[in-house]
Amino acid sequence: MEDEVFQQIMYIVNHLVTWTAATAIIFGGVVPYVPQYREIKRTQNAEGFSSYVCLVLLVANILRILFRFGRYFETPLLWQSIIMIVTMLVMLNLCTDVRVTAELNTKRRSFTDFEWGYFWSWSRFVDYLQCVLAFTAMAAYVTYLLLDSDLFVESLGFLAVFTEAMLGTPQLYCNYQNKSTEGMSIKMVLMWTSGDTFKTGYFLLTEAPVQFWTCGLLQVCVDVAILFQVYYYSRYPQKPVSHTTHTTSAKAL
C-alpha cells in the first residue's frame with residue numbers, strides 16, 4: 001500500500017517537473033524581450049534595440065520548425081519557436097512604428113524596392129511581414145524537395161540552432177572593440193546564461209537532436225565569455241577608444 005502511494009506521488013511529481021520544465025522552455029526565451037518592449041513603448045525610442053535581432057531569431061525559428069518535418073523533436077521546442085516568431089513580429093511592429101514616427105522626413109523604403117542597401121530597414125511593418133513570408137515559402141519549398149536527404153535535414157537543423165547560438169557574438173565583439181562593457185546590462189547577461197544553461201540541460205535530458213545541445217553549449221560559452229569581459233574590463237580598465245558610442249547588444253538589452 002505504501003509503495004503504491006509512493007509511486008503515485010512520484011508519478012505526480014515527475015509530471016509536475018516535466019510540465020514546469022516544458023513551460024519554462026516555451027516562454028523562457030521571450031522573457032528578456034518583455035522589458036525591452038516596455039522600454040521602447042515608454043520612451044518612444046527604438047535605437048537601443050537592433051532589428052537584426054528579430055531577423056536572426058525569425059530565420060532560426062522558421063528553420064527549426066521546418067527541421068521538425070525531417071527530424072522529430074519535443075513539442076515544447078516547437079511551441080517555443082512559434083511563440084518566439086510571434087514575439088519578434090510584435091517587436092518589429094513596435095520598432096517600425098516608433099522609427100517612422102521619429103523620421104517623418106525620411107524617404108520611405110519598402111521590401112518590393114529590392115534595394116539591398118536598405119534591406120531590413122523598411123518603413124512599414126507589412127514589408128517585414130512580406131519578407132518573412134517570402135523566406136518561409138522559399139525555405140519550405142526547398143525543404144519539401146530535399147526532405148528525403150538526411151544530409152540536408154541534419155544541415156537544416158544545425159543551421160537553425162547555430163544561427164540562434166550566434167546571437168551573443170555581436171555583443172562580445174562590441175565589448176572587445178570598446179575595451180569596456182559600459183552600457184551593457186549585466187542582469188540581462190546573467191539571465192541569458194541561466195536560461196541557456198537550463199535549455200542545454202533540457203536538450204540533454206530529453207535526448208534532443210545533437211544539433212540542439214551542441215549549439216546550446218556554444219551559447220553558454222559565449223555568455224560566459226561576456227561575463228568574463230565584465231570581470232576583466234572592470235578589474236583592468238583599458239585605454240578608452242576614440243569613439244564613445246557603444247553598440248547595443250544583439251540580444252536586445
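Conventions and cut-offs
Residues numbered from 1 in each chain as written. Predicted model: local features only at pLDDT ≥ 70, side-chain atom pairs only at ≥ 80, totals over all residues. Heavy atoms only, no water. UniProt positions renumbered as here; feature names shortened; annotations may be inferred. Helix = DSSP H or I, 4+ residues; strand = E, 2+ residues; numbered from the N terminus. 1 Å grid on protein atoms, 1.4 Å probe; cavity = no way out; pocket = protein on both sides within 12 Å on 5 of 7 lines; lining within 4 Å. Points joined across faces, edges and corners; volume = space filled by probe spheres on them. Patch = residues over 30% accessible without salt bridge, like charges linked within 9 Å, V, L, I, M, F, W, Y side chains within 5 Å. Areas by Shrake-Rupley, 256 points an atom, 1.4 Å probe, with all protein chains shown as cover. Salt bridge = Lys/Arg side-chain N within 4 Å of Asp/Glu carboxyl O. Phe/Tyr/Trp six-rings, centres within 6.5 Å; stacked < 30°, edge-to-face > 60°. Buried < 20%, exposed > 50% of the residue type's maximum accessible area, 1.4 Å probe, protein only. Lys NZ or Arg CZ within 6 Å of the ring centre and 35° of its normal.

Naming follows an unreviewed UniProt entry, where the protein chain appears as Solute carrier family 66 member 2 of Clupea harengus. You can read under Subcellular location (unreviewed entry) in the UniProt record for the protein chain the words "Membrane".

### What about the UniProt feature "transmembrane region" (unreviewed entry) in the protein chain?
The UniProt record marks residues 12–34, 46–67, 79–100, 128–147 and 210–233 with the feature "transmembrane region" (unreviewed entry), using the residue numbering of this structure. Annotation note: span residues 79–100, helix share 100%, strand share 0%, distance between end C-alpha atoms 32 Å.

### Things to note about empty space enclosed by the protein
Enumeration over the complete set of coordinates arrives at one cavity of 30 Å³ or more. Taken as a whole, the largest cavity holds about 40 Å³ of empty space. Considering the residues around the largest cavity, the lining is formed by Arg-64, Val-161, Glu-164, Lys-199, Phe-203, Phe-212, Cys-215, Gly-216 and Gln-219. For the lining of the largest cavity, the element with the most residues is helix 9 (residues 210–235), which contributes four residues.

### Focus on a nonpolar patch on the surface
Taken together, Met-138, Tyr-141, Val-142, Tyr-144, Leu-145 and Leu-146 make up a surface patch of nonpolar side chains, about 660 Å² in accessible area. Its location among the elements puts Leu-145 in helix 5 (residues 125–146).

### Quick look at the packing of aromatic side chains
Across all of its chains, the model carries 12 aromatic pairs by this definition. Arranged with centres 6.0 Å apart and planes meeting at 40 degrees, the rings of Phe-119 and Trp-120 form a pair that is tilted. Note on Phe-119 and Trp-122: the rings are 5.4 Å apart at their centroids and 85 degrees apart in plane angle, and the pair reads as edge-to-face. With relative accessibility at 3%, the residue Trp-122 sits in the buried group. An aromatic cluster is present here, built from Phe-111, Phe-114, Trp-116, Phe-119, Trp-120, Trp-122 and Tyr-128 joined pairwise through their rings. Here the basic side chain of Arg-109 rests over the ring of Tyr-118, its NZ or CZ set 3.7 Å away from the ring centre. Of note, Lys-179 hangs over the ring of Tyr-176, and the distance from its end group to the ring centre comes to 3.8 Å.

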